[in-house]
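# Residue-level structural notes
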Amino acid sequence: IMRMKWVKKCDVCLWILAVVLIAWGVFGLTLLPGIYDNIVHSSMVLAQKYDESLGFSAQLFSKPPMINKMKFFFFNLTNVDEVVYEGAKPRVVEIGPYTFVESEEKQYLKFRNDDTEVFYENYKKFIYHDELSCADCDYSDNVAIPNAVQIGASASFYDPKYVISDTGKSLIAAFLLITGENPFNMPKVGDLLFDGYNDPMLTAAHSGVVNFISDAFNDGVSIIPFPVPDMQTMAYFNGYNNSRDENYWIKTGKGDVDHLGEIVTWADKKLLPESWWSTKQARMINGSDTGSFAKPNLNEDDVIPMFHSYLCRSFNAVYEKRTNVAGIPSMSFQVPYEEWDTTLPRNKGFRYINNEGRDYFPGWLQCPKWNASTCRATANDPLDCNDAANLCNDCCKKGKIGDSYVMPPGFFPLACYPGRMQESPFAVLWSPPHMLYSPDAVVRSVNGMQPDPDRHQPIGYDHEQYSGMVTHVTYRVQVNMPVFSNPDVPTNSHLPDAIVPMFYEDSEAYLKDFAYSYFRIGFLFMPTFLMWLSIATIILGVLIAILICILRARR
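Note that the structure is a prediction, hence the values are computed from the model and not measured.

### Side note on the overall build of the protein chain
Helices and strands together make up the secondary structure of the protein chain, namely 13 helices and 19 strands. Here the C-alpha radius of gyration of the protein chain, 31 Å, is well above what a compact globule of 555 residues would show, namely 24 Å. Relative to its full complement of 555 residues, the protein chain shows a buried share of 50%. Once local pairs closer than 6 in sequence are excluded, the contacts in the protein chain between residues at least 24 apart make up 68%. Just so you have it, the protein chain exposes about 26,400 Å², and 56% of that area is on carbon and sulfur atoms. For the protein chain, the distance from the average site of its 47 positive side-chain charges to the average site of its 63 negative ones is 12 Å.

Have a look at this one:
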C-alpha cells in the first residue's frame, strides 16, 4: 500500500513537471519573443541614467565603435597644355589610394522633451596612414586638377546673381593674370584635401589688394562682385580635421524605437535653405545622420531615408541583397541609380542650373531628328522639357531649354560648403566614382573613366535585420569640375566644354570586434537560444508525459 501511494505521488509530480515544461515552452515560443524584443529595444534607446551619465547605447553612440578607412583616388590630368590651348578632350590617370583613418566623437549631448530628443555635435579626426596607401603614394604628391578658385571666378561672369559690367569683367580677367591664376594647377594631395594651400586670388582678396584696385580703377566698386570664400587657404575640406559639421537634434527612440536616430533639426533648421535646392521635397532633412540608424525588424520592402550633410541633401536606400558581415547575417541597402537621376520629376530640385549655358555632352540623348512642327504643347497645356519622359519630345530641343542644357543622369551640384550651413564656394558636381550612373556618352567624354559597379557603387549600408543596426558601410562619391571656354578670360578662351573629374572618396567602415560580439550575443544567439530552449522544454515535457503513460500501462 505504501509503495502504491509513493508511485502515485511520483506520477503526480511527473505530470506537474511535464505540464510546467510544456507550458514554459509554449510561453517561450509565443510570449517570450515579444518580451525579449521589448528588452532589446529598450536597451537600444539613447538614454541617460539617474545620475545623468550616459546609458550603454548612448555611450556607443557618442563614441561609435567603428573603423573607417577613407581612401582618396585622384584623377591626374596628363594633357593640361592640350586642354588649355587646343580644347582637347581631358585625359586622366587614376592615382592612389591615399588612405586616412577617420574617428569621430559626438560631444555635448543633452536631452529634452522627456528624453525623447538628444542634441549633439559630431567631431571628426582624419589621420593619414602611409602603410594603408599605395606603395608609390606620398602625402606631398602633386596632382594636376582644375583650379576651383580660377574657374569659379570665370563662372561668375554667367551667374545672374552677379551683374558684372564689361569693365568689371576686364578687371577680373586682369586680376587673374596678375595673380598667376590658371584654369589648372598642381597642389599637393594633403593640401588639396585638408591642410590648404596658398591660392594667389584668395590671398590677395583677404589682404586688401582687391579694395585697392577697386578704389583705383572701378570707382570703389569691388572688382570681385561675388562673395569671397571665408577661407584663407584653399582646400576642399578646409578646417574639417579635428572639427565638426553643424549641430543635430535627433530622436532617442524613447516611446517608439522605429524612429531612433531620426533627425529633428540640423543646424537648428527643419528644412534646408531655398538657395540650395529649388523644391521643398529636395530641401527636406530625412532619416538619420548618414544612415546611422534603421528601424528594427527590417524587411525587403523597407526604404531607409538618410541625410548626408557633406552632400547637402537627403537620400533613400532600398534593399539589394542578403549579406554576411563578420558572421552576422545582414541586409544590404543601397542608394539606387534613381536618386542620382535629376531628369526625374521627383529630383527636380537637385538639378544643375547650368548658368553658363554649355552643352557638356552633345548627343547624349540620342534622340530622333527634332521636328518642332509636330509639337502639340500649348500655354494652357505646357510640357516640362526637364523631365526624362519629355527630353526627346518634339516640343523640346533635345535637352536644350532656353540658353541652357539639361544635365544627364548621374550628377547633382554641391549646394553648400560640405557639412555647413553656408553656400558652396566651389562650382563642383557630385557623381558616383568614374561617372558610374551616367550615359556612355558622358563616360567617353573623358579619357580614363572605367566605371565598375562592383567597385564604384556609391552609398551602401548593411544592417542586422533584427535590430536594424549598421554592420558595414561603403561610401563612394566623386568630385567633378565644370570647365568651359570664356572669351573674356584669356587663359580660359580655348578650354573645351567638359566636366572634368578631380578625385573620389572610397570609404569603408566596419565595427570593432567587441561590437560584433555584442550583436552576435544579443541579436543572434539569445533569440535563437530562447527559441530552441522553448522547443526543447516542450519536447522534454511531452517525453515525460509519454513515459508516465508507459509506466502506468506496464503497472
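The rest of the description comes next.
### What about the packing of aromatic side chains?
Tallied over the full model, the rule gives 39 aromatic pairs. Judged by centre distance (5.4 Å) and plane angle (40°), the ring pair of F74 and F503 falls under tilted. With F74 in strand β1 (residues 66-77) and F503 in strand β19 (residues 498-511), the pair connects residues that are 429 residues apart, well separated along the chain. Owing to a relative accessible area of 0%, F74 belongs among the buried residues under this scheme. Judged by its relative accessible area of 2%, F503 falls in the buried class. With centroids separated by 5.0 Å and ring planes inclined at 5°, the aromatic side chains of Y120 and Y248 adopt a geometry described as stacked. A residue pair is termed long-range when its members are at least 10 positions apart, and Y120 in strand β3 (residues 117-128) and Y248 in strand β7 (residues 248-251) qualify at 128 residues. For the residue pair Y120 and Y248, the accessibility class agrees, reading buried in each case. For the cation-ring pair, R313 lies above F315, with the distance from its terminal atom to the ring centre recorded as 4.0 Å.

### Focus on the pairing of β7
Where β3 meets β7, four bridges bridge the pair, whose relative direction is antiparallel. Bridge assignment links Y120 to a residue of β7, and that residue is Y248. Bridge count between β7 and strand β8 (residues 263-266): three bridges; the pairing is antiparallel. Within the sheet, the bridge partner assigned to W249 lies in β8 and is T265.

### Comments concerning the UniProt feature "transmembrane region" (unreviewed entry) in the protein chain
The feature "transmembrane region" (unreviewed entry), as annotated in UniProt, sits at residues 12-36 and 529-551 in this numbering. Within residues 529-551, the helical portion is 100% and the strand portion 0%, while the C-alpha atoms at the span's ends are 32 Å from each other.

### Points about the environment of E131
Tracing the sequence through the fold places E131 in the loop between β3 and β4 (145-146). Classification of E131 by relative accessible area gives exposed; the value is 60%. Each C-alpha atom, one on E131 and one on T528, is 41 Å from the other, the two residues being 397 residues apart in sequence. Within the local environment of E131, its side chain forms a polar contact with the side chain of H129, the two groups lying 2.8 Å apart.

### What about the pattern of salt bridges?
Summed over the entire model, instances satisfying the criterion amount to 16 salt bridges. E82 is the partner of R91 in a salt bridge, and the nearest nitrogen-oxygen pair spans 3.9 Å. Residue R322 is joined to E300 by a salt bridge in which the shortest nitrogen-to-oxygen separation is 3.5 Å. One end of the pair, R322, is in strand β11 (residues 313-325); the other, E300, is in the loop between β9 (288-289) and β10 (303-308), with 22 residues separating them in the sequence. Given the relative accessible area of 47%, R322 is considered partly exposed. With relative accessibility at 45%, the residue E300 sits in the partly exposed group. Each of R313, E339 and R346 takes part in salt bridges that share partners, so that together they form one network.

### Considering helix α8 (residues 200-207)
Every buried residue of α8 is accounted for by M201, L202 and A204. Buried residues along α8 cover an arc of 165° about the axis, so they all sit on one side. The distance from a side-chain oxygen at the start of α8 to the backbone nitrogen of M201 is 3.0 Å, and the residue carrying that oxygen is D199.

### Describing helix α13 (residues 513-554)
Counted at 1.5 Å a residue, the expected span for α13 with its 42 residues is 62 Å, and the 57 Å between its end C-alpha atoms agrees. Along α13, the helix axis deviates most sharply at F525, where the bend reaches about 40°; the proline P527 sits within four residues downstream. Restricting attention to buried positions, one finds in α13 the residues A515, Y516, F519, G522, F523, L530, S534, T537, G541, I544, A545 and I548.

### A closer look at the side chain of D341
Considering the arrangement of structural elements, one finds D341 in the loop between β12 (328-334) and β13 (400-401). As a buried residue without a salt bridge, D341 has its nearest oppositely charged side chain in R351, at a separation of 7.6 Å.

### Describing the environment of C395
Positionally, C395 belongs in the loop between β12 and β13. Judged by relative accessible area, which is 21%, C395 ranks as partly exposed. Sequence separation of C395 and L29 is 366 residues, and the distance between their C-alpha atoms is 64 Å. Not counting the four nearest positions on each side in its chain, C395 is found in contact with C375, R376, A377, L383 and C385.

### As for the state of the cysteines
With the rule as written, the count across this model stands at five disulfides. Across the disulfide from C134 sits C137; the S-S distance is 1.6 Å. Of note, the bridge from C134 to C137 carries an S-S torsion of about 90° and is right-handed in sense. Through a disulfide, C312 is tied to C416; the S-S separation comes to 2.0 Å.

### Topic: unusual backbone geometry
Here the residue pair G96 and P97 is connected by a cis peptide bond, since its omega of 10° sits within 30 degrees of zero. Phi is positive for C312, which is not a glycine, with a value near 65°. On the secondary structure map, C312 appears in the loop between β10 and β11. Judged by its relative accessible area of 0%, C312 falls in the buried class.

Criteria and thresholds
Residues numbered from 1 in each chain as written. Predicted model: local features only at pLDDT ≥ 70, side-chain atom pairs only at ≥ 80, totals over all residues. Heavy atoms only, no water. Helix = DSSP H or I, 4+ residues; strand = E, 2+ residues; numbered from the N terminus. Rg over C-alpha atoms; globule rule 2.2 N^0.38 Å. Buried < 20%, exposed > 50% of the residue type's maximum accessible area, 1.4 Å probe, protein only. Contact = heavy atoms within 4.5 Å. Areas by Shrake-Rupley, 256 points an atom, 1.4 Å probe, with all protein chains shown as cover. Lys, Arg positive; Asp, Glu negative; His and termini not counted. Charge placed at Lys NZ, Arg CZ, Asp CG, Glu CD. Phe/Tyr/Trp six-rings, centres within 6.5 Å; stacked < 30°, edge-to-face > 60°. Lys NZ or Arg CZ within 6 Å of the ring centre and 35° of its normal. Pairing = 2+ DSSP bridges. UniProt positions renumbered as here; feature names shortened; annotations may be inferred. Polar contact = N/O pair within 3.5 Å; in protein donor to acceptor, adjacent residues only side chain to side chain. Salt bridge = Lys/Arg side-chain N within 4 Å of Asp/Glu carboxyl O. Arc of directions from axis to C-beta. Expected span 1.5 Å × (residues − 1). Bend = angle between axes of the 7 residues up to and from the residue. Disulfide = S-S within 2.5 Å.

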